[in-house]
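A structural walkthrough
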Amino acid sequence: MNHLALSDEILLNIEKPARYIGNEVNMVVKDPAKVDIRAVFCFPDVYEIGMSHLGMQILTHMFNQREDVYCERVFSPWPDLHKIMKERQIPLFALETQDPIRDFDWLLITIQYEMCYPNILQILDLGQIPLKSRDRDESDPIVIGGGPCTYNPEPLADFFDIFYIGEGETVYDALLDLYKEHKNSGAYSRKDFLREASRIPGIYVPSLYEVNYHEDGTIASFLPLYEDVPQTIQRQVVEDMSDVVYPNKPLVPFLQITQDRVTLEIQRGCIRGCRFCQAGMIYRPLRERSLDYLMEKAKNMLESTGQEEISLSSLSSSDYSHLEELLDCLIEECNSRHVNISLPSLRIDNFSLDVMSKVQDVKKSSLTFAPEAGSQRLRDVINKGLTEEDILTGAGLAFEGGWQKVKLYFMLGQPTETVEDMRAIAELAEKIARRYYEIPKEQRNGKCQITVSTSFFVPKPFTPFQWSPIYTKEDFLDRAHIVNEAVKSQKNRKSIRYNWHEADVTLIEGILARGDRRLCDALIRVYEKGGIFAAWSDYYDDGMWQEAFAETGLDTDFYTVRERTKDEIFPWDFIDAGVTKQFLLREWERAQAEEVTPNCRQKCAGCGAMKYKGGVCYENTH
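Residues numbered from 1 in each chain as written. Predicted model: local features only at pLDDT ≥ 70, side-chain atom pairs only at ≥ 80, totals over all residues. Heavy atoms only, no water.

Describing empty space enclosed by the protein
- Throughout the structure, instances matching the rule amount to four cavities of 30 Å³ or more.
- Along the wall of the largest cavity there are 17 residues; nearest its centre are Met51, Gln57, Pro250, Arg261 and Thr263.
- Those elements that provide at least two residues to the lining of the largest cavity are α3 (54-64), β10 (262-265) and α9 (291-305).
- Partitioning the lining of the largest cavity into residue classes produces nine nonpolar, seven polar and one charged. (1 Å grid on protein atoms, 1.4 Å probe; cavity = no way out; pocket = protein on both sides within 12 Å on 5 of 7 lines; lining within 4 Å. Points joined across faces, edges and corners; volume = space filled by probe spheres on them. Helix = DSSP H or I, 4+ residues; strand = E, 2+ residues; numbered from the N terminus. Nonpolar A, V, L, I, M, F, W, Y, C, P; charged D, E, K, R; others polar.)

Notes on helix α16 (residues 503-514)
- Taking 1.5 Å per residue, twelve residues should reach 16 Å; α16 reaches 17 Å between its end C-alpha atoms and fits that length.
- Extensive coverage of α16 is indicated by the burial of twelve of its twelve residues.
- Looking at α16, one finds that the buried residues are Ala503, Asp504, Val505, Thr506, Leu507, Ile508, Glu509, Gly510, Ile511, Leu512, Ala513 and Arg514.
- Buried-residue contacts for α16 involve α5 (117-126), β17 (449-456), α15 (473-488), α17 (520-528), α18 (542-551) and α19 (556-559). (Expected span 1.5 Å × (residues − 1). Buried < 20%, exposed > 50% of the residue type's maximum accessible area, 1.4 Å probe, protein only. Contact = heavy atoms within 4.5 Å.)

Observations concerning the pattern of salt bridges
- Following the criterion strictly, the structure yields 56 salt bridges and no others.
- Arg337 serves as the salt-bridge partner of Glu303, at 3.3 Å between the closest nitrogen and oxygen. Placement of the pair is Glu303 in helix α9 and Arg337 in helix α10 (residues 323-337), with a sequence separation of 34 residues.
- Through salt bridges that share partners, Glu167, Glu169, Arg235, Glu265, Arg268, Arg287 and Arg289 make up one connected network. (Salt bridge = Lys/Arg side-chain N within 4 Å of Asp/Glu carboxyl O.)

Considering the nonpolar core
- By size, the foremost hydrophobic cluster in this structure holds 131 residues, and its most contacted members are Trp106 and Leu107.
- Contacts of Leu107, omitting those with residues within four sequence positions, involve Val40, Cys42, Val74, Ile101, Ile123, Leu124, Ile129, Pro141, Ile142, Val143 and Ile144.
- In terms of nonpolar packing, the next biggest core, distinct from the first, is built from 35 residues, Ala395, Met422, Ile425 and Ile432 among them. (Core = buried A, V, L, I, M, F, W, Y, C linked by side-chain atoms within 4.5 Å.)

Quick look at the pairing of strand β1 (residues 37-43)
- Across the seven residues of β1, seven count as buried, placing the element largely inside the fold.
- Residue alternation in β1 divides its side chains into two sets, Ile37, Ala39, Phe41 and Phe43 and Arg38, Val40 and Cys42, and both sets are buried.
- Note that β1 and strand β2 (residues 69-75) share seven bridges and pair parallel. When the bridges of β2 are listed, Ile37 appears paired with Val69.
- Pairing between β1 and strand β3 (residues 106-110): four bridges, direction parallel. In the sheet register, Cys42 faces β3, and the bridge partner there is Ile109. (Pairing = 2+ DSSP bridges.)

Quick notes on the sheet that holds strand β13 (residues 309-313)
- One open sheet accounts for three strands, arranged β10-β13-β14; its pairing is parallel. The open sheet terminates on both sides in strands that have one partner only, identified here as β10 and β14 (340-342). Pairwise comparison of adjacent strand axes, ignoring direction, gives a mean angle of 25° for this sheet.
- Contacting β13 and β14, α10 crosses the sheet at an angle of about 170° to β13. (Axes fitted to C-alpha atoms, helices over the stretch in contact; angles between N-to-C directions.)

Take it as geometry only, folks, not as evidence of what the structure does.
Quick look at the structure:
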């Protein structure tokens, strides 16, 4: 094992030192002197969160398959170690070799959630890398951002050299080859590499674009500085999910992580078209992995890790067309290994008692459903595609299958929401509880436990609701209180527990989700005030954010409560994400008319994703 970057004295005085020592089971070991490119993959949150991220496992595996590349890992140090590293000027280091990340060629940062933005600055600062790309020279790593938040990269534009728009399995090889060519030329120029990289499809170099604004603060133009730099960035997509890299030997951490299990991604994308859901739009079209591919990967991962649980990952697992066959195969494999099968993202309308009982044979667990809205009217507005009958029938099947714990997820503050819609959340929970108690007492599995959780709605880029305003903090809390009082008034209230998300965090998320590059200096102020780990309620401080916005002269209402006009240029409009703006606008208008759009398997809605030549768009073509 390599010499550790942290002394024993430091490791013995911080929480969970295993976060920082590497050397886990299945860790890739290479000689850094024998590769052309050293990359370090960063998840800007604590180790336990980052190590649960499937994308990191896929991309580090893909990079390390190349003999000329060594890809290591780095995560955000917890506040106790952050303080020590700042005081003692210890440079942030990669886990595998324990070398400072400033000495690497590439720093790849996955951006999964807006509230992690200050942690990106923490990584750069502790890594002793200039925060702004314009201040870096040839000795600094190329800083590359990827992940769902790059579908509006502008609030982070000053901090990244490159944003990778799309799925990581597609054009990284081309980017690596180009970098290797420049690096080995003997006259490496950061500027020349970035200029040439910008011509690779899916690669966005923010320093090569100029933004101009109207007097009212909206965008007047967003254009490249040079003719050979593309005006539109094309999202990159894997068309065949059964002909692509996937880790056979996932890392096995030394400490408990958030999702301590083998993860099997069964498909990517979604057919449903929920109008609030960014993932359902930006990962179109739905593409399934073959049964043979999945079983081979499942066996390899279980053998190489010894994990006791396997999770089937997708946006809507019930829509996988070979789900029952897959479960039959997995149950046989998992029973012999005493492995639990986890089935998240199941739709209550597509649930089968047969499937549930098969999973129950391995291990019984609570079920999670997401109706998203209590009333049928609002479910039609958001295009959830669920009726109350679907929900109650599905819940009944679950209860008859032996489950008594159900988690229900809803959103408050969605477009056109009324008081009746809010109260309908409690009323739906009551109807589900009542359905449980219709089962004969001797057949019940204890008391019914229904947990109702509401988050507050944030309109995200590339969704039909991107034109919608966000409510104020006071409005959000008023809505939560209405639901809370309605829950307390239900007959089966003792079976129903209600909790809701923080409203102030939602507002910040909304600002960052739809902001522009004028937010960059405010983010630096947040970081300087100590605003790291803002995604953690114990560390979130709303005062820091409000001070930072005030000090940099930002009008937060501009990004939140203001409704957008149909012809406004959005900060993310330079990205072609597959779904067209015309389709999104059409869906926005259908939402206001309370019209449902059929899912992709029922009828093509003409969203634009057919251009990718794969997946559900071509299931019924010959």
